[in-house]
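Chain by chain, the residues run as shown.
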Amino acid sequence: MRVIDGIAAIALSWGVSAAWAYQPRVNYQLRCMGCHLADGSGQPGRVPSIRRSLVLFSASPEGRDYIIRVPGVAQSPLSDEDTAALLNWMARNLSDLEVPPGFVDYSEAEIHGLRDRPLVRVSAIRARLLKAAGAKPRLP
């Protein structure tokens with residue numbers, strides 16, 4: 001038996017899910033950082049920055065819908081709970097924008113209700129959301 005299997009067996013015997021091991025910061029490193037980079041700045045012309053857009057988009061229902069349904073979020077193997085925790089961590093730790101008073105955290109239920117319909121026209125929707133917010137898009 002591998003050590004990790006033994007640890008997982010002990011965790012399951014204690015009633016702890018397999019997702020117990022990772023905090024949002026680690027989930028970001030494992031699931032997002034490869035494309036969005038360590039600071040969330042993305043890759044110009046290829047992967048959008050989340051530094052200005054995540055908090056901005058999180059302020060509107062349409063923006064929140066976009067964030068949850070973008071393929072990297074919607075199709076992530078993370079649980080709905082871990083995905084919500086990750087998005088909330090990203091908003092507070094990778095954004096150039098302050099999280100405004102009254103910011104509504106993403107919830108497990110909100111993630112669950114939207115992620116089963118990943119977006120297809122991601123760039124077009126992002127550009128429209130940025131235009132509506134008065135921001136300049138970095139990517140098409």
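Residues numbered from 1 in each chain as written. Predicted model: local features only at pLDDT ≥ 70, side-chain atom pairs only at ≥ 80, totals over all residues. Heavy atoms only, no water.

1. Thoughts on the overall build of the protein
Helix and strand content of the protein: nine helices and zero strands. Put simply, the protein has 140 residues, and 39% of those count as buried. A separation threshold of at least 6 residues defines the contact pool for the protein, and within that pool the share at least 24 residues apart is 66%. When the accessible area of the protein is evaluated, it comes to approximately 8600 Å², of which 58% is carbon and sulfur surface. (Helix = DSSP H or I, 4+ residues; strand = E, 2+ residues; numbered from the N terminus. Buried < 20%, exposed > 50% of the residue type's maximum accessible area, 1.4 Å probe, protein only. Contact = heavy atoms within 4.5 Å. Areas by Shrake-Rupley, 256 points an atom, 1.4 Å probe, with all protein chains shown as cover.)

2. What to know about the packing of aromatic side chains
For the structure on display, the rule yields two aromatic pairs. Between Tyr28 and Trp89, the ring centres sit 5.8 Å apart and the planes meet at 40 degrees, which makes this aromatic pair tilted. Here Tyr28 is found in helix α2 (residues 24-31), whereas its partner Trp89 is found in helix α7 (residues 80-93), with 61 residues between them in sequence. Their ring planes at 85 degrees and their centres at 5.4 Å tell us that Phe57 and Tyr66 sit as a pair that is edge-to-face. There is no split in this pair, since Phe57 and Tyr66 are both buried. The aromatic ring of Tyr106 is capped on one face by Arg64, whose charged end is 4.0 Å from the ring centroid. (Phe/Tyr/Trp six-rings, centres within 6.5 Å; stacked < 30°, edge-to-face > 60°. Lys NZ or Arg CZ within 6 Å of the ring centre and 35° of its normal.)

3. Overview of the state of the cysteines
Enumeration according to the criterion identifies zero disulfides in this entry. Here Cys32 stays free of any disulfide, with the sulfur of Cys35 as its closest cysteine sulfur at 8.9 Å. A residue is classified by how much of its surface remains accessible, and Cys32, at 15% relative accessible area, is buried. In this structure Cys35 comes out as partly exposed when scored by relative accessible area, which is 37%. (Disulfide = S-S within 2.5 Å.)

4. What about the nonpolar core?
Tyr28, Leu54, Tyr66, Ile67, Leu87, Met90 and Tyr106 are the most contacted members of the largest nonpolar core, which has 27 residues in total. When residues of this core are traced back to their parent elements, those giving at least two are α4 (53-58), α5 (61-69), α7, α8 (108-114) and α9 (122-133). By residue number, the principal contributor to this core is α7, which donates five residues. Contact partners of Met90, with chain neighbours within four places excluded, come to Tyr28, Ile50, Leu54 and Ser95. (Core = buried A, V, L, I, M, F, W, Y, C linked by side-chain atoms within 4.5 Å.)

5. Observations regarding the pattern of salt bridges
Going through the model one piece at a time under the given rule, you end up with six salt bridges. When the shortest N-O distance is used, the salt bridge between Asp96 and Arg51 registers 2.7 Å. One end of the pair, Asp96, is in the loop between α7 and α8; the other, Arg51, is in the loop between α3 (33-36) and α4, with 45 residues separating them in the sequence. For Asp96, a relative accessible area of 44% translates into the label partly exposed. Ionic pairing is found between Arg92 and Asp105, a salt bridge with its closest N-O pair at 2.8 Å. One end of the pair, Arg92, is in helix α7; the other, Asp105, is in the loop between α7 and α8, and 13 residues separate them in sequence. Residue Arg92 is classed as partly exposed on the basis of its relative accessible area, which comes to 45%. (Salt bridge = Lys/Arg side-chain N within 4 Å of Asp/Glu carboxyl O.)

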